[in-house]
Amino acid sequence: MLNKITLFVAALIICCSIASAQTTFNKSGITYTVQTSSDVFVTGYTSGCPSDVKIPTFVSNGGDSYQVKEIADEAFKDCTALETIEIPSSIVRIGSRCF
């Protein structure tokens, strides 16, 4: 009986760890992290520092569509070449030190 309980608890911990893992993907030079089943936030850029960035209202990945809701803390922190950025009205939070 104790082995079954131990096995159950271990399986539960593994399932919770997998469920809480965040998915990250890149699209058009921007890195996104899935926040909910319908929302993502911008977490940075993929390579090099862009001079112009246009954050879309919606982005898709693997057949799923997400609304872009925030720009994470320090997302573009060391991007010194950044000159212009278009931010859609869907953004509800801009993190600290993100530019």
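Look up: the structure comes first, before these words.
In what follows, the accompanying structure is described.

Parameters at a glance
- All residue numbers here refer to positions counted from 1 along the written sequence of the relevant chain.
- Whole-chain, interface and lining totals are the exception, using all residues; otherwise, since this is a predicted model, local features are given only for residues with pLDDT of at least 70 and side-chain atom pairs are given and counted only at 80 or more.
- The side-chain numbers reported here are obtained from all heavy atoms of the structure, hydrogens and water having been left aside.
- Remark: exposure states derive from per-residue accessible area (1.4 Å probe, protein chains only) relative to the maximum for the residue type, with buried under 20%, exposed over 50%, and partly exposed in between.
- Secondary structure is summarised from DSSP: a helix means a run of H or I of at least four residues, a strand means a run of E of at least two, and numbering begins at the N terminus for each.
- Pairing between strands is defined by DSSP: at least two bridges between them are needed.
- In this scheme, patches are assembled from residues that exceed 30% relative accessible area and form no salt bridge. Like charges are connected within 9 Å, while nonpolar side chains (Val, Leu, Ile, Met, Phe, Trp, Tyr) are connected within 5 Å.
- Areas reported as accessible are Shrake-Rupley estimates using a 1.4 Å probe. Residue values count occlusion only from the protein chains shown.
- Any carboxyl oxygen of Asp or Glu within 4 Å of a side-chain nitrogen of Lys or Arg constitutes a salt bridge here.
- Geometry of aromatic contacts follows a simple scheme: Phe, Tyr and Trp rings, the Trp one being its six-membered ring, pair when their centres are within 6.5 Å, and the pair is stacked under 30 degrees between planes, edge-to-face over 60, tilted otherwise.

### Quick look at the pairing of strand β3 (residues 39–45)
- Counting buried residues along β3, 5 of its 7 residues qualify, which places the element largely inside the surrounding structure.
- Relative to β3, strand β2 (residues 30–34) runs antiparallel, the two sharing 5 bridges. Following the sheet pairing, Ile30 is matched in β3 by Tyr45.
- Counting the residues that bridge the hairpin from β2 to β3 gives 4 residues.

### As for a nonpolar patch on the surface
- On the surface, Ile87, Ile94 and Phe99 cluster together into a nonpolar patch covering about 270 Å² of accessible area.
- Structurally, the position occupied by Ile94 is in strand β8 (residues 93–94).
- For Ile94, a relative accessible area of 45% gives the class partly exposed.

### A few points about the pattern of salt bridges
- Scanning the entire structure with this criterion turns up 3 salt bridges.
- Residue Asp73 pairs with Arg93 through a salt bridge whose shortest N-O separation is 2.9 Å. Of this pair, Asp73 sits in the loop between β6 (64–71) and β7 (84–86) while Arg93 sits in strand β8, placing them 20 residues apart in sequence.
- On the basis of relative accessibility, which here comes to 38%, the residue Asp73 falls in the partly exposed class.
- Each member of the salt-bridge network shares a partner with another, and the members are Glu70, Asp73 and Arg93.

### A look at the environment of Ile71
- Residue position: Ile71 is located in strand β6.
- Sequence spacing of Ile71 and Phe99 is 28 residues, and the spatial spacing of their C-alpha atoms is 9.9 Å.

### Examining the packing of aromatic side chains
- What the rule picks out here adds up to 4 aromatic pairs.
- Between Phe76 and Phe99, the aromatic rings sit 6.0 Å apart at their centres with planes inclined by 10°, giving stacked as the arrangement. Of this pair, Phe76 sits in the loop between β6 and β7 while Phe99 sits in the segment after β8, and the two are 23 residues apart along the sequence.
- By relative accessible area, which is 1% here, Phe76 ends up buried.
- Connected via pairs of aromatic rings, a cluster forms that spans Phe25, Tyr32 and Tyr66.

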